[in-house]
Amino acid sequence: MSFFGLDCVTKTERELERKLRANDREYNRSFKYAKNAIKTSKYNVFTFLPLNLFEQFQRIANAYFLVLLVLQVIPQISSLSWFTTVVPLIFVLTVTAAKDATDDLNRHRSDKRVNNRKVQVLIDRKLRSEKWMDVQVGDIIKLENNQFVTADLLLLSSSEPLNLVYIETAELDGETNLKVRQALTVTGDLGDDVEKLADFDGEVRCEAPNNRLDRFAGTLTFAGQKYALDNEKILLRGCTLRNTEWCFGLVLFAGQETKLMQNCGKSTFKRTSVDRLMNVLVLCIFGFLVCMCTVLAIGNYIWEINKGSNFTVFLPREDGNTAGFSSFLTFWSYVIILNTVVPISLYVSVEIIRLGNSFYIDWDRKMYHSHSDTPAEARTTTLNEELGQIKYIFSDKTGTLTQNIMIFNKCSINGRSYGDVYDYTGQRLEISEQKDSVDFSFNPLADPRFVFYDHSLVEAVKLENPEVHAFFRLLALCHTVMAGEKKEGDDQGELYYQAQSPDEGALVTAARNFGFVFRSRTPDSISIVEMGKQRSYELLAILDFNNVRKRMSVIVRNPEGKLSLYCKGADTIVYERLHQSCSKLMDVTTEHLNEFAGEGLRTLALAYKDLDEEYFNGWKQRHHEASTELDDRESKLDALYEEIEKDLLLLGATAIEDKLQDGVPQTIEQLSKADIKVWVLTGDKQETAENIGYSCNLLREEMNEVFIVSGSSSDDVRQELRNAQTSMKPSAAENSVFLPEEKGEGVKPMKDEVVNGEYGLVINGHSLAFALERSTELDFLRTACMCKSVICCRVTPLQKAQVVELVKKYKQAVTLAIGDGANDVSMIKAAHIGVGISGQEGMQAVLSSDYSFAQFHFLQRLLLVHGRWSYLRMCKFLRYFFYKNFTFTFVHFWFAFFCGFSAQTVYDEWFITLYNLMYTALPVLGMSLFDQDVNDVWSFQHPQLYVPGQLNLYFSKKAFFKCAIHSCYSSLVLFFIPYAALQDTVRDDGKDVANYQSFALLTQTSLLFAVSIQLGLEMSYWTAVNTFFVLGSLVMYFVVTFTMYSDGMFLLLPSAFPFIGSARNSLNQPNVWLTIVLTSILCVLPVVTYRFLLIQLCPTINDKVMFKVRQAKATLPPPPRRTRIRRSSTRRSGYAFSHAQGYGELVTSGRFLRRPAIRSAGFPQVGRTTTGFSPMGRSAGYSPTGRPQNLKVSDVEVTSLQMYRTITDPPLSHT
């Protein structure tokens, strides 16, 4: 049943196993499974008002003002009108509610857009177009190419051979390379026959809904037979069907029960640490207010007993008004009068400040990405100052740190390095897109988006250099890529590749452009076009990649009948298997590899060997026997692979760039200098994540050690973590007993530990699952926090959120999560601040985020500039606001001792009304919107300026009590100096000046001057607007005062304007102005003295930088040169292919093949010949999403062959 849009079905017991029957809605409804509608919004029409008011009144101040409002409607105790509180309170509640309603409306629209998508559902033996929200468990649905998967499905059949489908899982794990799923043969035979599908009545028993993306267990019972189901037969909601004409699936989980939604974190009401501190302070202020009112009520009681009886003759008490009752009424009267210690205008001003600082983020042109026309956006206005306190950043990798685009950057062939460009003097030139790129017009099958700048390589290809030809022949043959031609639209006839990983696609694309074009494959052959000639190689074996072998080989027979083995893999692995004759070439290639690795490129070594026919036949027989073994099959196959992959001849090496987003290394370096720790949480493979870690400066060769945690049990993981702790800090084992423990509901925070040196931590998802267990989580957190950087690989979306929650729970630190895909949503929701990057993986992360922009490097500006300024401004605002209002209110307290505790106000009522509304509102807003200690350039020059925000140095309980003490002192000065100055004083004409109205005028004028001067001392950055606000407010005070105290206003409303003539009679006296000057100086003198001594004896980082700015005479320092970071490294990544088990077995079995599509020879007219790859930058690239990158290839003529050296080694035999 649904009530107000909420699912109100409560299951009496937790679901342990799911049972369903295909095409039987009545049977499946009996289990009350969730429908396919999703709901990410927080409110609906009926729940918005109560829920939103409940959230808003969690702010103690709002509840406090509500109580005041109730008091003010009681005439016996109220000395102020009720509308003075109700109007601003309603304004604050309305503005906040409108903002929350807008945000939730966007979520409703997103839900509605998704729920109303259409899909074909098999109902009553016909395919009908239904909304997603109406799909139910047990339905059979039809999906077509490029459609999103509607729900979690069991794949039944598809248009592809052997019932394969290709899916993209970017929204689940961030990976954009295609994955393969295959249906059971028994269901695959159903095909697209609607009648057969309608008759299908298979029953599924499977696991209950859960968040595990990497596993599935269940059985299908059909026609009396039972079949096992695993993850390879399941299509999850959030995937996209690619390169598959159609497929049919049976709905297993729908709506909120799908694995995607199970991994989405709940929307939480986020509040800043300043908000939480304000709640505590408001409680303290309220307690202090009660104490003050109690003291004054007691004073009133004593006064009524001792003095009040003297006035009853001409001021008789009402019946029953005893001294006790009088003091009771006085208590509540003073609660109303002294409520200005926390005025409602404080919260109005806070909302305005936050809104203004949000606009600065929206308007910042330096955070605008012109390529995608994407500005930065502050999607919430309540968290700006939290941006200035971030301690931990949790980042996704794919699409966040990287562009997920692989670029064939450089290569080394037979001892010569290709890829760099030199001038006529031999100096290496910096490559830019303005340089002339290689002209591939000689190759009609070339990908026009492939860009390479070293002309000597294509000239070597044209000159038929045998080593260069062998190099690209290997790249065209040694892979598991699938080729196809687009069959529709403007791209008809276009050659495209389906690669298991984007880097493998980049290598095949490079070979394609240099004249070795992979065209098609069958289970036992590979067809390529070599320099315009069609050649077919017999594929005899694929020695597939895995994480232990770290290499891949193919054995082929060329058209001339020659047998060859081609191998590519990690250089350290391949080098161990080279023939000793390659030693000299190895040395030269190693130099090139070190140079490539120093630039953060991912490298592979390439080698080959010719095989003897007789030996291979014997090996093949032994291979067949090993592959059919039931026991120990893997180890026997590995031994055979080792046997044949030896005495290889080195061809060279490739260097691929996993293209980082612009400015990522510099951004991470800046954030590190600001003492912000960056943790990368990625669904990608371990080696890939490590490579990115090194290329973006997260991990560095200079680190003392990088710990790899890969334990397969809880005990193993705990031991590895403790070993790491001991390595970093030998005394760590002794202190492990002092880890924080939960006491009741509270958790003792874990303190930061100082270690000697810098360390990194890499942990995979399997080990992380054990590390996040209750018994191990503190060891994991302690180890991770001792490290400079942390990388978690192969993590699920839920594990990302769990890591964030762990840090939030045990560290008193503000966290930020940044990502670009649906797999990052739970992490973004869990962190204090969520940042979404509008990237290649959709807009789910952006829709769930608090801030969004297009590039990762904008994060440093968001934090180091906008965040720091917002925090600084908010803290200055709060300190000053409390000072001016405490000072204003405490004067009432002192005055009570001189007015018989009668709850009479010390100021004119109009001054009380306008003090926060007109006289001091704009100056403090001006400071809070425009102030900055240093500009943005100096903020980048000195990222250490960010640290005080992390330590809460600008506003804390300590700062608050300092402010209260300062206010107490100022109120004493403001009351007693004018009191003493007017006592026994006469005017110039001899008339008496000492009266209540003159005293009130003198006190309020002195107060206004004192707080204005204090504001000037707080302000670091004076603008024309600030100056206008401060001086304008003072002018406005005098204009309004002389107007209010004029004869005309008195005659108009005598009761409302009783201070007739006070202004002109008092402010024309020199002694009054002398008193104002003296009072103002005495109020600010302690502050000036304290700050002077502090700067001289113990300057802060802000003081030091501001002194530098003054020394530089406010001239901007030169911006740092953005040089390309090069590091000397011996560490290399040899993984330019997938890090999961390869698809070799599928390829050779024929199950991977698509229906026949490509038949061509030589260089025929095949239409457009661009692939679905999207290279960027200065060389080759591959993007599995197939999105164009708008790069243009210059039409350049091939230059004459340049002189280049060769290594004199025995030439390779040309196959």
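Residues numbered from 1 in each chain as written. Predicted model: local features only at pLDDT ≥ 70, side-chain atom pairs only at ≥ 80, totals over all residues. Heavy atoms only, no water.

### Some points on the overall build of the chain
For the chain, the count of helices and strands is 40 helices and 39 strands. Taking all 1215 residues of the chain together, the buried fraction comes to 58%. Carbon and sulfur atoms form 57% of the exposed surface of the chain, whose accessible area is close to 51,400 Å². (Helix = DSSP H or I, 4+ residues; strand = E, 2+ residues; numbered from the N terminus. Buried < 20%, exposed > 50% of the residue type's maximum accessible area, 1.4 Å probe, protein only. Areas by Shrake-Rupley, 256 points an atom, 1.4 Å probe, with all protein chains shown as cover.)

### Some thoughts on the nonpolar core
Core analysis: the biggest nonpolar cluster contains 99 residues, and Phe-65, Val-342, Leu-346, Tyr-347, Phe-877 and Phe-882 have the highest contact counts within it. Looking at which element gives the most residues to this core, the answer is helix H28 (residues 858-896), with 18 residues. The contact partners of Val-342, leaving out residues within four places of it in the chain, are Tyr-64, Phe-65, Val-282, Ile-285 and Tyr-347. By size, the runner-up hydrophobic cluster in this structure holds 54 residues, among which are Leu-477, Ala-510, Leu-604 and Ile-656. (Core = buried A, V, L, I, M, F, W, Y, C linked by side-chain atoms within 4.5 Å. Contact = heavy atoms within 4.5 Å.)

### Some remarks on the pattern of salt bridges
For the coordinates displayed, the defined rule picks out 50 salt bridges. Close ionic contact of Asp-275 with Arg-354 constitutes a salt bridge, the shortest N to O distance being 3.2 Å. With Asp-275 in helix H9 (residues 273-306) and Arg-354 in helix H11 (residues 344-363), this pair connects stretches of sequence that are 79 residues apart. The class for Arg-354 is buried, based on a relative accessible area of 1%. What emerges from the salt-bridge pattern is a single network uniting Arg-551, Glu-576, Arg-577, Glu-642 and Glu-645. (Salt bridge = Lys/Arg side-chain N within 4 Å of Asp/Glu carboxyl O.)

### Here's the deal with the UniProt feature "binding site: Mg(2+)" (unreviewed entry) in the chain
Residues annotated in UniProt with the feature "binding site: Mg(2+)" (unreviewed entry) correspond here to Asp-396, Thr-398, Asp-820 and Asp-824. Annotated residues spanning 429 residues; largest pairwise C-alpha distance 10.7 Å, indicating a single compact cluster. Residue position: Thr-398 is located in the loop between strand E17 (390-395) and strand E18 (402-413). Looking at the element boundaries, Asp-820 is found in the loop between strand E37 (814-819) and helix H26 (825-830). (UniProt positions renumbered as here; feature names shortened; annotations may be inferred.)

### A look at unusual backbone geometry
If a residue is not glycine, its phi is most likely negative; likewise, a peptide bond is most likely trans. Even without a glycine there, the phi angle at Lys-32 is positive, about 55°. The exposed category is assigned to Lys-32, whose relative accessible area is 56%. One non-glycine residue with positive phi stands out, namely Ala-223, at about 55°. Checked against the element boundaries, Ala-223 lands in the loop between strand E11 (218-222) and strand E12 (225-229). Assessed through its relative accessible area of 68%, Ala-223 is described here as exposed.

### What to know about the packing of H9 against H28
The interhelical angle for the contact between H9 and H28, taken along N-to-C directions, is 5°, at an axis separation of 12 Å. Relative to H28, H9 is oriented roughly parallel. Residue-level contacts link Val-274, Met-278, Ile-285, Phe-288, Met-292, Val-295 and Leu-296 of H9 to Tyr-871, Met-874, Leu-878, Phe-882, Phe-886, Phe-890, Phe-893 and Ala-896 of H28. By residue class, the composition of the contact of H9 with H28 is 15 nonpolar, no polar and no charged. (Axes fitted to C-alpha atoms, helices over the stretch in contact; angles between N-to-C directions. Parallel < 35°, antiparallel > 145°, perpendicular 65-115°, else oblique. Nonpolar A, V, L, I, M, F, W, Y, C, P; charged D, E, K, R; others polar.)

### Quick look at the sheet that holds strand E27 (residues 551-557)
Sheets are built from strands paired through backbone hydrogen bonds, the pairs being either parallel or antiparallel. Across the sheet, which stays open at both edges, the nine strands sit in the order E19-E18-E30-E29-E28-E27-E26-E25-E24 with antiparallel pairing between neighbours. Strands with a single pairing partner mark the edges of an open sheet, and in this sheet they are strand E19 (416-418) and strand E24 (516-522). The sheet shows a mean angle of 30° between the axes of neighbouring strands, direction not considered. With six bridges connecting them, strand E28 (residues 563-569) and strand E29 (residues 602-610) associate as antiparallel partners. (Pairing = 2+ DSSP bridges.)

### A closer look at the sheet that holds strand E35 (residues 759-764)
In space, the nine strands of this open sheet follow the order E16-E39-E38-E37-E17-E31-E36-E35-E32, with mixed pairing throughout. Two strands in the sheet have a free side with no partner beyond their single neighbour: strand E16 (377-378) and strand E32 (705-709). Judged from the five bridges that link them, E35 and strand E36 (residues 789-793) form a sheet pairing that is parallel. Its bridge partner being in E36, Gly-760 is matched across the sheet by Ser-789.

### Structural notes on the pairing of E28
For E28, the buried fraction is high: seven of the seven residues fall into the buried class. Burial along E28 is two-sided: Leu-563, Leu-565, Cys-567 and Gly-569 and Ser-564, Tyr-566 and Lys-568, pointing in opposite directions, are all buried. Taken together, the seven bridges between E27 and E28 define a ladder with antiparallel strand orientation. What sits directly across from Arg-551, in E28, is Gly-569.

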